[in-house]
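Architecture at a glance
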Amino acid sequence: MLSGESLKKIDTEVAKYPADQKQSAVMAALALAQEEKGHLSTEVMDFVAGYLGMAPVAVYEVASFYTMYDLAPVGGHKLCVCTNLPCALSGAVEAAEHLKKKLGIDWNETTPDGRFTLKQGECFGACGDAPVVLVNNKKMASFMTPEAIDKMLAELQK
Amino acid sequence: MNSAHPPFDPGIYGPEAVLMKGITGENWRLKDYEARGGYAALKKILAEKMAPDAVIAELKRSALRGRGGAGFPTGLKWSFMPRQAPGAKYMVCNSDEGEPGTFKDRDILRYNPHQVIEGMAIGVYATGSTAGYNYIHGEIWDIYERFEEALAEARAAGYIGRNVLGSDFSWELYAHHGWGAYICGEETALLESIEGKKGQPRFRPPFPAGYGLYGRPTTINNTETFAAVPWIMLNGGQAYLELGRPNNGGTKIFSVSGHVERPGNYEVRLGTPFAKLLEMAGGMRGGRRIKAVIPGGSSAPVVPGQVMMQTDLDYDAIAKAGSMLGSGAVIVMDETVCMVRALERLSYFYFEESCGQCTPCREGTGWMYRVVHRIESGRGRQEDLDLLANVAENIMGRTICALGDAAALPVRSFVKHFRDEFQYHIDHKHCLVGAHAAVVGNKAAV
């Protein structure tokens, strides 16, 4: 189900916890599985459950609780914009509107070509860099003025 | 990524910096940290075989208080650990920084990760713990990766592992990443999360010092708290205390966001006037007038700007001004901000992030958001202001963790201090700030 490389990384995570606490690695394992598969299908979650010796429902609980797990397919680039108050005071609402207009989609929608999904985020802990866009969960793009957004989109579309 | 990130400004931490002294933006590696005196505190403690009680006594003298938001005295917290209890005991660092307005731990971990590692080593030593975990906010992946790199350096150099620097002190330290849940910044939710579960807070008692991670004695401190420990152990608790004020020892990193010219982190001595911090941040953006400040992260009550301009930045002074120092996240708003809209956005946040465990919070946060939303969109009713007060009051003190209070406090304080704006929305079905745009400038898009 998952590549040898992903499994090796999961094993590294498992080794961080006491031998009888493999479940502690579930958050990292799900993040790795999502990175490989694009989203977390029931089959993938069941596989992670089996791999870590957990009940499947315990894995579903975790996957549905934390917002960065995608339980349904998303576009090739998931763009998440923080619009919380500190970011909004520094232009996050304009950044979000600009992205919506450029991509022709609203929150939680994916472009027809499947390349971009747009999500509204809550505090990333980077308010000093506002506006911030989190790209595919792992890349924080800072100071995202409309011009910087245009540049980012052009780069991602290559 | 093509972030338009401005060049690192070492002056941003201010001339009073202790935690971030000598930071250039590039010198985060082990050799750099050692070159500026890093790991000397740990070496000294191990060489002198300092008694754990003496370490804790020094911390108590420093009046270091928890930098994550609650402000609990760190030395006292460490003294709760049952040092003699056999078996595993844990020290956990809370780097799950998601309180709107707060972005200091990210910078500490990015620019000075070894200081946190050294602080945790001293904490593990003083509390008789066996291992540590650093729980890092899911959204700052590059910081998590850097911390893993720093851990590898510290292990290779013998600061982490068996018989540290040839002593009989052994410990382990690992990084654990979150994946998007504000509630995991609450310490018992964070423990649940490390255990591989939903991050829902635990009922207390039992407290983590007795029953924490995996049911073992555990101490949880904020990143900035750990980062302050090495300096205290090297220079003495008294010297740290004297950097600040009685009961408010040391320096503190304030994250300044919102309507200032230069948002960012500024390390100043506790007791510094807010007006001075505002000046360091370049003053009000565009020279506009200050309207309001949330001085301690979004959960802290809002304070009118003119009151804040007369307030000093320490735990007791901010409490006197009717708010709290919290995490040191200072959100500055100018006259163009509609306070109804600002509260609507914050209320949505708490509604979104309530873990759903306690009925008053799960239902109350949504209720408050819907009422504020209807006032903001011109459908408010006269009785809504009393209703908001009533719902807020019925959440407070009736939930397992502090998220309920954190959602209620902004509602109460916004309505208290800016009642005229809420009333105007109800009476006129539109915004007071928008109506006065000619005077105060175009309404901020919040």
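About the thresholds
Residues numbered from 1 in each chain as written. Chains lettered and ligands numbered in written order. Predicted model: local features only at pLDDT ≥ 70, side-chain atom pairs only at ≥ 80, totals over all residues. Heavy atoms only, no water. Helix = DSSP H or I, 4+ residues; strand = E, 2+ residues; numbered from the N terminus. Rg over C-alpha atoms; globule rule 2.2 N^0.38 Å. Buried < 20%, exposed > 50% of the residue type's maximum accessible area, 1.4 Å probe, protein only. Contact = heavy atoms within 4.5 Å. Areas by Shrake-Rupley, 256 points an atom, 1.4 Å probe, with all protein chains shown as cover. Lys, Arg positive; Asp, Glu negative; His and termini not counted. Charge placed at Lys NZ, Arg CZ, Asp CG, Glu CD. Domains from an automatic or database assignment. Buried area = accessible area lost by both parts, 1.4 Å probe. Salt bridge = Lys/Arg side-chain N within 4 Å of Asp/Glu carboxyl O. Polar contact = N/O pair within 3.5 Å; in protein donor to acceptor, adjacent residues only side chain to side chain. 1 Å grid on protein atoms, 1.4 Å probe; cavity = no way out; pocket = protein on both sides within 12 Å on 5 of 7 lines; lining within 4 Å. Points joined across faces, edges and corners; volume = space filled by probe spheres on them. Nonpolar A, V, L, I, M, F, W, Y, C, P; charged D, E, K, R; others polar. Core = buried A, V, L, I, M, F, W, Y, C linked by side-chain atoms within 4.5 Å. Pairing = 2+ DSSP bridges. Axes fitted to C-alpha atoms, helices over the stretch in contact; angles between N-to-C directions.

What follows concerns the overall build of chain B. Looking only at helices and strands, one finds 20 helices and 11 strands in chain B. Taken over C-alpha atoms, the radius of gyration comes to 22 Å for chain B, in line with the 22 Å a tight globule of 446 residues would show. Seen through its C-alpha atoms, chain B measures out along the principal axes to roughly 75 × 45 × 45 Å. Within chain B, the proportion of its 446 residues that are buried is 63%. Within chain B, contacts between residues separated by at least 24 positions form 70% of all contacts whose residues are at least 6 apart in sequence. In the form shown here, chain B has an accessible surface area of approximately 15,700 Å², with 53% of it arising from carbon and sulfur atoms. Each charge class in chain B can be summarised by its mean position, and for the 48 positive and 49 negative side chains these summaries are 2 Å apart.

Here we come to the domain arrangement of chain A. Each assigned domain of chain A is listed here: domain 1 (4-65) and domain 2 (77-156). A straight line from the C-alpha centre of domain 1 of chain A to that of domain 2 of chain A covers 28 Å.

Let us look at the interface of chain B and chain A. The partner chain A presents 55 residues to the 64 residues of chain B that form the contact. Carbon and sulfur atoms make up 60% of the area that chain B and chain A hide from each other, which totals about 4,700 Å². Run the count over chain B and chain A and you get 3 salt bridges. With a shortest N-O distance of 3.2 Å, R345(B) and E122(A) are connected by a salt bridge. Counting the contacts that link chain B with chain A gives 20 residue pairs in polar contact (both at pLDDT 80 or more). Contributing elements (two or more residues each) for the side of chain B that touches chain A: β2 (131-136), α7 (141-156), β3 (172-177), α8 (187-194), β5 (251-258), β11 (329-334) and α14 (339-353) of chain B.

Tracing the chain through its elements places K16(A) in the loop between α1 (4-14) and α2 (26-37). For K16(A), a relative accessible area of 7% translates into the label buried. If sequence neighbours within four positions are ignored, K16(A) has contacts with Y133(B), Y144(B), E148(B), Y174(B) and A175(B).

Before going further, it helps to examine empty space enclosed by the protein. Using a probe with the size of a water molecule, rolled over the atoms, empty space left in the structure can be pinpointed. Throughout the structure, instances matching the rule amount to 3 cavities of 30 Å³ or more. The computed volume of the largest cavity comes to approximately 80 Å³. Of the residues belonging to the lining of the largest cavity, the class tally is 8 nonpolar, 5 polar and no charged.

Of all hydrophobic cores here, the largest spans 155 residues; its most connected members are L30(A), Y66(A), I117(B), W171(B), M333(B) and F414(B). The element best represented in this core is helix α6 (residues 113-127) of chain B, accounting for 8 residues. Shared between two domains, this core takes at least three residues from each, and those domains are domain 1 (4-65) and domain 2 (77-156) of chain A.

A word on the sheet that holds β3(B). Residue and element names in this part refer to chain B. With respect to topology, 4 strands assemble into an open sheet ordered β3-β2-β1-β4, the strand pairing being parallel. Of all strands in the sheet, those with a lone pairing partner are β3 and β4 (218-222), marking the two edges. Direction aside, neighbouring strands of the sheet carry axes that sit 20° apart on average.

With that settled, consider helix α18 (residues 419-428) of chain B. Residue and element names in this part refer to chain B. Regarding α18, the residues found buried are E421, F422, Y424, H425 and I426. Residues of α18 that are buried sit in contact with β8 (290-294), α14, α15 (359-376), α16 (384-395), α17 (403-417) and α19 (432-435). Downstream of α18 by one or two residues, K429 has phi in the positive range, about 65°.

Considering only enclosed or pocket space, the largest pocket measures out at about 1,200 Å³ in volume. Lining the largest pocket are 43 residues, with G69(B), A70(B), G185(B), E186(B) and E187(B) positioned closest to its centre. Listed by contribution, the elements that provide at least two residues to the lining of the largest pocket are β1 (90-95), α5 (104-111), β4 and α17 of chain B. Ranked by residue count, the leading element in the lining of the largest pocket is β4(B), at 5 residues. Space inside the second largest pocket adds up to approximately 570 Å³. What lines the second largest pocket is a set of 35 residues, among which T67(A), M68(A), K119(A), Q120(A) and E352(B) lie closest to the centre. For the lining of the second largest pocket, the elements supplying multiple residues, two or more each, are α4 (56-65), β1 (77-82) and β3 (116-121) of chain A together with α14 of chain B. Grouping the amino acids of the lining of the second largest pocket by side-chain chemistry returns 17 nonpolar, 11 polar and 7 charged. Two domains each provide a minimum of three residues to the lining of the second largest pocket, namely domain 1 (4-65) and domain 2 (77-156) of chain A.

Residue and element names in this part refer to chain B. Within the element layout of this structure, K89 appears in the loop between α4 (74-79) and β1. Of the side chains with opposite charge, D53 lies nearest to the buried K89, which makes no salt bridge, at 12 Å. A distance of 2.8 Å separates a polar atom in the side chain of K89 from the backbone oxygen of R83. There is a polar contact of 2.8 Å between the side chain of K89 and the backbone oxygen of A85. Contact partners of K89, with chain neighbours within four places excluded, come to M81, P82, R83, G128, S129, T130, A131 and P217.

This brings us to the environment of V303(B). Residue and element names in this part refer to chain B. Assignment of secondary structure puts V303 in strand β9 (residues 303-304). For the pair V303 and K60, spaced 243 residues apart in sequence, the C-alpha to C-alpha distance is 31 Å. Not counting residues up to four positions away in its chain, the partners in contact with V303 are A292, V293, P295, M308, A321 and S323.

As a further point, take unusual backbone geometry. The amide bond that connects A130(A) to the next residue, P131(A), takes the cis arrangement and shows omega of -5°. Here P131(A) is to be found in the loop between β3 and β4 (133-135). In this model, R204(B) is joined to P205(B) through a cis peptide bond whose omega is -5°. Tracing the backbone through its elements, the reader meets P205(B) in the loop between α8 and β4. One non-glycine residue, F143(A), lies in positive phi territory at about 50°. Residue position: F143(A) is located in the loop between β5 (139-141) and α7 (146-157).

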